[in-house]
Each structure stands twice: as C-alpha cells, then as structure tokens.
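Descriptive analysis of the structure
Below, each chain spelled out in residue letters.
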Amino acid sequence: MSSLSGRQTSQRLQADSQTDRVIVGREASALATDEQYIRNAIDLARDAAKRNEVPIGAVIVRDGTIIAAATNRTVRDQDPTAHAELLAIREASSKLDRWRLDDCTLYVTIEPCAMCAGAIVLSRIRRVVFGAWDEKAGMAGSVGDLLRHPRLNHRPEVRAGVLADECAGLVENFFRAQRATSD
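Note that the structure is predicted; figures quoted are calculated from it, not measured.

Moving on: the sheet that holds strand β2 (residues 65-71). With mixed pairing, 5 strands are arranged side by side in an open sheet as β2-β1-β3-β4-β5. Where the open sheet ends on each side, the last strands, each with one partner, are β2 and β5 (157-159). The average undirected angle you get between the axes of adjacent strands in this sheet is 15°. Here strand β1 (residues 57-62) pairs with β2 via 6 bridges, running antiparallel. By the bridge assignment, Ile60 is partnered in β2 with Ala68. Strand contacts of helix α4 (residues 84-96): β1, β2 and β3 (104-110), with the helix running at about 140° to β2, the strand carrying the most contacts.

Put into structure tokens, the structure is as follows:
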C-alpha cells in the first residue's frame with residue numbers, strides 16, 4: 001500500500017491508515033474521536049495560515065479534554081523550533097506541572113518532523129494521531145520512523161492518515177499561494 005504520494009508505508013502504518021475497510025464498534029468510536037480532534041487541529045492550522053505561518057495545528061488531549069493547543073509560530077517568534085507540536089507539549093507540561101505526558105494523545109495535522117518526534121518520545125506521549133504525510137521531513141514513516149524506533153525507550157501508538165486529504169490540502173494550498181505571490 002502506498003501513501004498519498006505513492007510512497008510505500010511500513011506494515012504498521014498500513015494498518016493505521018487504512019480507510020477502505022469496514023470499521024465497527026469501539027474502533028469506529030475511536031476513529032470518530034480522532035477525527036473530531038484532528039478537526040480542532042485543522043481549525044488551528046487555518047488560523048496559522050491567516051498569519052502567514054505554515055498551516056500546522058496541534059492539540060493535546062487528556063481524559064477527553066483538550067489541555068493544550070498550538071500552531072506553528074516560527075515566523076512570528078523568529079524561532080525555528082516554534083513548531084505546533086513542541087509548543088503544545090510545552091503548554092501541556094506546564095498545565096499539568098510535569099514533563100511526562102504518558103496519559104495524553106497528541107493530534108497534529110502533519111506527520112511530525114525529527115525535532116518534534118524527539119520531543120514526543122522524550123515527553124512520553126502515549127499516542128500520536130496525525131493527518132497528512134510529510135514526504136520531506138516526516139519521522140513517523142516517511143523519511144524515517146523515530147516514533148517507533150526499536151532502540152528508543154518509549155514508542156507511542158501512532159495512527160496515521162486521519163483526514164489526510166484535508167490536512168495535506170491546507171499545506172499544499174498555502175505553499176501554492178506563497179509561490180504565486182513571489183512570482
């Protein structure tokens with residue numbers, strides 16, 4: 001099976017991202033919940049695009065409640081590390097007054113990069129759900145798979161491809177518009 005761009009995915013990611021199979025019971029409920037929180041992240045990503053930031057949104061959920069939400073702020077902050085995932089992790093850790101987020105789920109519109117994947121592993125986030133693949137920098141199966149690297153001490157559960165087309169469209173449209181204004 002290949003991803004949106006034709007890349008061959010790992011067996012695990014194939015299982016995580018299959019959408020053409022029949023989903024019933026608890027799994028259907030989990031998928032609906034994942035879609036709900038990815039939609040929250042999509043709303044954040046749209047707001048980021050309005051501020052001329054790369055449209056990536058992230059939310060962290062604990063016990064059914066969003067405890068942190070962020071967008072990319074690299075332009076605003078002039079900080080290459082101000083990615084949505086990192087900012088959301090910082091906010092969640094601050095709110096919970098602890099660095100271990102092992103009872104939390106991160107929802108993000110785009111596959112995490114190496115920096116964000118490292119922060120996810122270090123913060124012990126239990127589960128990561130993302131929308132679109134990132135063929136150039138994604139570290140949950142595209143370029144590599146840092147999130148589930150067998151030598152690391154923590155490997156979160158990963159669900160890939162939730163509302164992938166919508167998430168990919170946000171980024172594609174943003175960069176298309178950027179190129180059009182620079183011509």
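With that settled, the discussion passes to the pattern of salt bridges. Inspection of the entire model under this criterion finds 13 salt bridges. Linking Arg46 and Glu166 is a salt bridge whose minimum nitrogen-to-oxygen distance equals 3.0 Å. Within this pair, whereas Arg46 is found in helix α2 (residues 25-50), its partner Glu166 is found in helix α6 (residues 164-182), the two being separated by 120 residues in sequence. Of the residues examined, Arg46 reaches a relative accessible area of 35% and is grouped as partly exposed. Close ionic contact of Arg127 with Glu157 constitutes a salt bridge, the shortest N to O distance being 3.1 Å. Note that Arg127 is positioned in strand β4 (residues 127-132) and Glu157 in strand β5, a separation of 30 residues in sequence. It is possible to trace a salt-bridge network through shared partners that takes in Asp34, Arg127, Glu157 and Arg159.

What counts and what doesn't
Residues numbered from 1 in each chain as written. Predicted model: local features only at pLDDT ≥ 70, side-chain atom pairs only at ≥ 80, totals over all residues. Heavy atoms only, no water. Pairing = 2+ DSSP bridges. Helix = DSSP H or I, 4+ residues; strand = E, 2+ residues; numbered from the N terminus. Axes fitted to C-alpha atoms, helices over the stretch in contact; angles between N-to-C directions. Contact = heavy atoms within 4.5 Å. Salt bridge = Lys/Arg side-chain N within 4 Å of Asp/Glu carboxyl O. Buried < 20%, exposed > 50% of the residue type's maximum accessible area, 1.4 Å probe, protein only.

Don't take any of this as a statement about function, it's just geometry.
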